[in-house]
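# Working through the structure, step by step
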Amino acid sequence: MGDTDVASVPDSHRHILEGKGFAHVATLGPRGEPRCSPMWYEWDGTHVLISHTTRRKKYRDLERDPRVALSIRDPEDDYRYVEIRGTARIHDDPGAALIHRLAKKYEGVKRYQGDLEGRITIRVTPERVITYG
């Protein structure tokens, strides 16, 4: 599926992606076991962008199998959420631009103070969007 086949998020739930919630991101481990963890994200209007490093399991999971699912709860209503299922593409981020933007969004700081080595951007293309509430 190419970028022209991107599933869209309904206007009724777009504010959730534009907000400051956490994306609970699920990948598949080497034996097919699911792994899920909350992560900072950015919505560019079409894709979900996540900053990560090349030294973590989620990176290795996505290198092996780019299928990904994530859900984001509406911070104003626990019974509303957006689930996105799609394909991840990995891009180098040597200047760590995304993690710095995310640190500003989530922590209000100018620059991320954590691990900057081996930074990548995971770009999730939505192929199926499910909303609730």
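Analysis parameters
Sequence positions are assigned chain by chain, starting from 1 and proceeding in written order. Given that this is a predicted model, residues contribute local features only at a pLDDT of at least 70 and side-chain atom pairs are listed and counted only at 80 or more, while totals for whole chains, interfaces and linings are drawn from all residues. Hydrogens and water molecules were not included; the side-chain quantities draw on all heavy atoms of the structure. Strands qualify as paired when DSSP identifies two bridges or more between them. Helix numbering and strand numbering both begin at the N terminus, where a helix is a DSSP run of H or I of at least 4 residues and a strand a DSSP run of E of at least 2. Contact criterion: two residues are considered in contact whenever any of their non-hydrogen atoms come within 4.5 Å of each other. All axes here are fitted lines through C-alpha atoms, helices being fitted over the stretch that makes contact, and every angle between N-to-C directions spans 0 to 180 degrees. Paired rings are identified among Phe, Tyr and Trp, the last through its six-membered ring, by centres lying within 6.5 Å, and are further divided according to the angle between planes into stacked (under 30 degrees), edge-to-face (over 60) and tilted (the rest). Exposure categories follow from relative accessible area, calculated using a 1.4 Å probe and restricted to protein chains: below 20% of the type maximum is buried, above 50% is exposed, and the middle band is partly exposed. Charge over a ring is defined by NZ of Lys or CZ of Arg lying within 6 Å of the ring centre and within 35 degrees of the ring normal.

### Some words on the sheet that holds strand S1 (residues 23-28)
With antiparallel pairing, the seven strands of this open sheet are ordered in space as S2-S1-S5-S6-S7-S4-S3. Among the strands making up the open sheet, the edge pair consists of strand S2 (34-39) and strand S3 (42-43). As paired strands, S1 and S2 are joined by six bridges and run antiparallel to one another. Across the sheet, the residue bridging to Val25 is Ser37, located in S2. The strands touched by helix H2 (residues 57-64) are S1, S2, strand S4 (48-53), strand S5 (67-74), strand S6 (77-92) and strand S7 (119-132); relative to S1, the strand with the most contacts, the crossing angle is about 55°.

### Re the packing of aromatic side chains
By the definition in use, this model includes four aromatic pairs. Taking the centre distance of 5.5 Å and the plane angle of 40° together, the rings of Phe22 and Tyr106 count as tilted. One end of the pair, Phe22, is in the loop between helix H1 (11-18) and S1; the other, Tyr106, is in helix H3 (residues 97-107), and 84 residues separate them in sequence. Take Phe22: its relative accessible area is 41%, and that puts it in the partly exposed class. Taking relative accessible area as the criterion, Tyr106 reaches 10% and is therefore assigned buried. Between Trp40 and Tyr106, the aromatic rings sit 5.1 Å apart at their centres with planes inclined by 0°, giving stacked as the arrangement. Here Tyr106 lies in helix H3 and Trp40 lies in the loop between S2 and S3, a separation of 66 residues in the sequence. Neither Trp40 nor Tyr106 differs from the other in exposure class; each is buried. Counting every residue linked through ring pairs, the aromatic cluster contains Phe22, Trp40, Tyr106 and Tyr112. Lying across the ring of Tyr41, Lys105 places its NZ or CZ 4.3 Å from the centre.

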